[in-house]
Amino acid sequence: MPKQTFLKLKEEKKTLITNAFLTEFSLKTFDEASISTVVKQLGIAKGSVYQYFDNKMDLYLYLIECCQEKKMQYITPIQRQSYPDFWSYFISLYEHGFHFDEKHPLESSFLHKLASNHSSPSMKDIYKDLLQQSITGFEKLVQHEIDLKLFRNDVSTEIMGFQLYKFGVGVQEYFEQKSLVNPIQSIEKGESIFKERIPILMEIVKEMIQCIRPAFDKK
């Protein structure tokens, strides 16, 4: 977590530093990203970064927290009880996620790049924890639907939660494989990853959901 020296900086300078590192970590994996490159761009001494954060990992975890908190502002208000079934709720989560990307392209790009660190030696344990947190969140969603007797109960929530997580990964991979999105290019241009393509992407999400829905719904 950031030290008091960082927290006491003027908001403008904090934002400048945060955005510079978000860009660097959005373009490169954790191990590839360079603090030296960023401080050179900012025109500050490299040592000053270590007055703000203990180390590179401390800085990275701060960026993760900042981006996740901002995204949750779009996701948290969506309540399952407001939707007739899980899948309409699930679709709404995607819609709001796309709108988060529109409004906060840099934070969205950083979170998008996060998955690229799964094989990073330095990120091994951290990534494993983040992955488990994500899967656990999906498990809770599944359990809620089972309790409502809307999802089947003959498959473990752990497996079903993992499949929902992998669905999300598959959606992103499909978008990139079909050249519907280009994260690196979007970051370099300072644009939203999903810029002007949301209606098309949402139709794809809905179609892909139709492939997995029968495997979850109670017959």
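Residues numbered from 1 in each chain as written. Predicted model: local features only at pLDDT ≥ 70, side-chain atom pairs only at ≥ 80, totals over all residues. Heavy atoms only, no water.

Caption draft 1: Structural view of the pattern of salt bridges. Scanning the entire structure with this criterion turns up nine salt bridges. Put simply, lysine 28 and glutamate 24 hold a salt bridge, and the shortest N to O gap is 2.8 Å. For lysine 28, a relative accessible area of 26% translates into the label partly exposed. We classify glutamate 24 as buried; its relative accessible area is 5%. (Salt bridge = Lys/Arg side-chain N within 4 Å of Asp/Glu carboxyl O. Buried < 20%, exposed > 50% of the residue type's maximum accessible area, 1.4 Å probe, protein only.)

Caption draft 2: Geometry of helix 6 (residues 86–103). Its 18 residues place the ends of helix 6 26 Å apart at the C-alpha level, agreeing with the 26 Å of an ideal helix rising 1.5 Å per residue. Taken together, the buried positions of helix 6 are Phe86, Trp87, Tyr89, Phe90, Ile91, Ser92, Leu93, Tyr94, Gly97, Phe98, Phe100 and Asp101. The secondary structure elements touched by the buried residues of helix 6 are helix 5 (56–75), helix 7 (105–114), helix 8 (124–147), helix 9 (157–177) and helix 11 (198–216). Of the residues that open helix 6, the one with a side-chain oxygen 3.0 Å from the backbone nitrogen of tryptophan 87 is aspartate 85. (Helix = DSSP H or I, 4+ residues; strand = E, 2+ residues; numbered from the N terminus. Expected span 1.5 Å × (residues − 1). Contact = heavy atoms within 4.5 Å. Polar contact = N/O pair within 3.5 Å; in protein donor to acceptor, adjacent residues only side chain to side chain.)

Caption draft 3: Examining the packing of helix 2 (residues 11–27) against helix 7 more closely. Contact geometry of helix 2 with helix 7 gives a least axis separation of 8 Å together with a crossing angle of 35°. Crossing of helix 2 over helix 7 shows left-handed handedness. Every residue of helix 7 that contacts helix 2 at Asn19, Leu22, Thr23, Phe25, Ser26 and Leu27 is listed here: Leu106, Glu107, Ser109, Phe110 and Lys113. For the contact of helix 2 with helix 7, the class distribution of residues is five nonpolar, four polar and two charged. (Axes fitted to C-alpha atoms, helices over the stretch in contact; angles between N-to-C directions. Left-handed = near helix turned anticlockwise from the far one by under 90°. Nonpolar A, V, L, I, M, F, W, Y, C, P; charged D, E, K, R; others polar.)

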